[in-house]
Amino acid sequence: MKKIPILTLFSVMCCAFGLAETGLCAGTEEKMKIILDTDIGNDIDDAWALALSLVHPRFELLGVTTDYGNTPARAKLACKILHQTKQTHVPVAVGRQTNDHNDYQFTWAEDFNTYRPIETPAAQFLLDTVKKYPKQVTVIAVGPLPNLGDVLKMGPEFEDNVKEIILMSGNVYGSAWRPNEPIPEYNVVCDIEAAQRVYGSKVKLTIVPLDSTTLVRLKEEERKRVQKYQSPLTWSLECLLRLWTSNPDAQMTLHDQLAMAEAAEPGRFFNKKADLPVYVDDEGYTRVDEKKGRPITVCLEPKRDEFMEFYLSHLTSQRLGMD
Ligand SMILES: [Ca+2]
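Residues numbered from 1 in each chain as written. Predicted model: local features only at pLDDT ≥ 70, side-chain atom pairs only at ≥ 80, totals over all residues. Heavy atoms only, no water.

Trainee: Please clarify how the coordination of the calcium ion should be interpreted in this entry.
Mentor: The expected angle between donors at a tetrahedral four-coordinate metal is 109.5 degrees. At an octahedral six-coordinate metal it is 90 or 180 degrees. Coordination of the calcium ion by the protein involves D39 (OD), D46 (OD), D46 (OD), V142 (O) and D256 (OD), with metal-donor separations of 2.2 to 2.6 Å. Written as a sequence motif, the donor residues of the calcium ion are D-x6-D-x95-V-x113-D. Highlighted residues: D39 in the loop between β1 (32-38) and α3 (45-55) and D256 in helix α13 (residues 255-264), separated in sequence by 217 residues. Residue classification places D39 among the buried residues on the basis of a relative accessible area of 2%. (Donors = N, O, S within 2.8 Å, 3.2 Å for Na, K, Ca; no water. Helix = DSSP H or I, 4+ residues; strand = E, 2+ residues; numbered from the N terminus. Buried < 20%, exposed > 50% of the residue type's maximum accessible area, 1.4 Å probe, protein only.)

The structure is reproduced here in C-alpha cells:
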C-alpha cells in the first residue's frame, strides 16, 4: 500500500474540518521567506501588518527594514514589538534616513534599547539576503520606497535574485476617498524616483492600491476582539493604536495588512486581479499605459469581510511571548 506522508494526511484533515478556509493550518505548507520593508510609526497599519507577519504560519520573516523619514526611530518600534513577542531572532535593519520628524507612535519605544537594530544598512541587508536565498525571498514593502530604490541602484544582483515584490502602493482608477479620481498615492509620491525604479524594474511586481485598501476599515467591535485577546502582541497593537488616534472613534484603514494578506494567500481576498501595463509618472500617479507601462499585477475589489475574519483570527490565534 502506498504510504501517505503525515503532512499530506494532516493537510487533508485540515481541509476536511474546514481549517484550510481559515488559513490557520497553513503551517503544513512550505514556508515563504519574506522581508517586510516598512515606515512603521507613521500610519498605524504598519505595526498591525508586522503583527500578521509574525503570526501567520506561512511566513518566515527574515528581517524588517525601516524605510523613509526617521528610520532609526521606526526601527526602535519594530525592535520593541519583536522583543515583546520574543521574536528577536528577526533582524531589523535601518534604512536611509530622509528626515527627523517625530511621529506620535515613537514615544512607545523611544527609551527602548534592549533589542537593537543590526549595523548593516537596510539596502545592503536586502541585497545580502536575496543573494543568500536566490529566487526565494519575497519583499513586502508597505511604505515609501527609498530602500528598494537604493538597492536597485546598487547593480543588477538584487533584481536577479529577489523572487518577487508586493507593494501597498498606487492608485489606478479611484478610491473610497475619491471615486473615479486617482491621486498620487503617499508611498509613491514621497519618493517618486525610487517608485519609478521599482515599477520599472524587471522584478515580478504585485500592487495593492488605494482602490482596494480604502474600502477596508476596522470597526470598533473588531478592534475590541483584538483588545480582548490579551497577548503581548495585542497589547502592543492597542497601545500604538491609542497613540495614533487623537479621536477615540477614529478608525484604522488596513492598507498594509491587505498587502500582507495578498502575500500570504495570493488572490484569496480580491475579486479581481489584473495584469496591467502600469508606470509611475513624474507627479507620482500610477498610470495604465500600453506603451510606457510594463505588466504589473493589480489587486482590486477586496473581499472585505473574508479578509477581516482571516486577519483577526490570526491576530488572536497565538500568544507569542507568553510561552
Ligand atoms: Ca506604511
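Trainee: Is there a simple way to think about the packing of aromatic side chains in this case?
Mentor: One pair of aromatic rings is described through two measures. These are the centre distance and the angle between the planes. In total, this model carries 3 aromatic pairs according to the counting rule given. On the basis of an interplanar angle of 80° and a centroid distance of 6.0 Å, the ring pair of F269 and F307 is categorised as edge-to-face. Within this pair, whereas F269 is found in the loop between α13 and β7 (270-280), its partner F307 is found in helix α14 (residues 304-315), the two being separated by 38 residues in sequence. According to the relative accessible area criterion, F269 is buried, its value standing at 0%. Through successive ring pairs, a cluster of aromatic residues spans F269, F307, F310 and Y311. In this structure, R287 packs its charged tip against the face of Y285, placed 4.2 Å from the ring centre. (Phe/Tyr/Trp six-rings, centres within 6.5 Å; stacked < 30°, edge-to-face > 60°. Lys NZ or Arg CZ within 6 Å of the ring centre and 35° of its normal.)

Trainee: Teacher, can you tell me more about unusual backbone geometry here?
Mentor: Across the chain, the bulk of peptide bonds are trans and the bulk of non-glycine residues have phi less than zero. Here Y68, not a glycine, exhibits a phi torsion of approximately 70°, which is positive. One can find Y68 in the loop between β2 (59-66) and α4 (71-84). For E301, which is not glycine, the phi torsion reads 55° and is therefore positive. The residue E301 is located in strand β9 (residues 294-302) in this model. Residue E301 is classed as partly exposed on the basis of its relative accessible area of 43%.

Trainee: Is there a simple way to think about the side chain of D150 in this case?
Mentor: For D150, the location among the structural elements is in helix α6 (residues 146-153). Leaving out residues up to four positions away in the same chain, D150 has contacts with R96 and A123. (Contact = heavy atoms within 4.5 Å.)

Trainee: Before we go on, may I ask you to explain the packing of α3 against α4 in this structure?
Mentor: Closest axis-to-axis distance for the α3/α4 pair is 11 Å, and the angle between their directions is 40°. With respect to α4, the axis of α3 lies oblique. α3 and α4 meet at a crossing whose hand is right-handed. Facing A47, L50 and L54 of α3, the residues of α4 in contact are A78, I81 and L82. (Axes fitted to C-alpha atoms, helices over the stretch in contact; angles between N-to-C directions. Parallel < 35°, antiparallel > 145°, perpendicular 65-115°, else oblique. Left-handed = near helix turned anticlockwise from the far one by under 90°.)

Trainee: Before we go on, may I ask you to explain the pairing of strand β6 (residues 205-208) in this structure?
Mentor: Regular strands place their side chains on alternate faces of the sheet. Residue alternation in β6 divides its side chains into two sets, L205 and I207 and T206 and V208, and both sets are buried. Relative to β6, strand β5 (residues 164-168) runs parallel, the two sharing 4 bridges. When the bridges of β6 are listed, I166 appears paired with T206. Pairing of β6 with β9 involves 2 bridges; the strand directions are parallel. Counted as the bridge partner of T206 is T297 from β9. (Pairing = 2+ DSSP bridges.)

Trainee: Looking at this model, I keep getting lost on the pattern of salt bridges. Mind explaining?
Mentor: Close approach of charged atoms allows side chains of opposite charge to pair. In the structure shown here, the tally under the stated rule is 18 salt bridges. For E60, the salt bridge identified is with K33, shortest N-O distance 3.5 Å. Within this pair, whereas E60 is found in strand β2, its partner K33 is found in strand β1, the two being separated by 27 residues in sequence. Overall, the relative accessible area of 30% leaves E60 in the partly exposed class. The partner of K131 in a salt bridge is E157, with the nearest N and O atoms 3.5 Å apart. Of this pair, K131 sits in helix α5 (residues 122-132) while E157 sits in helix α7 (residues 157-161), and the two are 26 residues apart along the sequence. When its relative accessible area of 39% is taken as the criterion, K131 is described as partly exposed. In this structure E157 comes out as partly exposed when scored by relative accessible area, which is 37%. Via salt bridges that share partners, E222, R304 and D305 belong to a single interconnected network. (Salt bridge = Lys/Arg side-chain N within 4 Å of Asp/Glu carboxyl O.)

Trainee: In this structure, what is going on with the packing of helix α11 (residues 220-229) against helix α12 (residues 232-244)? I would like to understand it.
Mentor: The angle between the axes and the distance between the axes are what describe a pair of packed helices. Following both chains from N to C, one finds α11 and α12 inclined at 135°, their axes separated by 7 Å at the closest point. Put simply, α11 runs oblique to α12. Crossing of α11 over α12 shows left-handed handedness. The segment α11 lies against α12, with R223, V226, Q227 and Y229 engaging T234, E238, L241 and R242. Residue classes in the contact of α11 with α12 are distributed as 3 nonpolar, 2 polar and 3 charged. (Nonpolar A, V, L, I, M, F, W, Y, C, P; charged D, E, K, R; others polar.)

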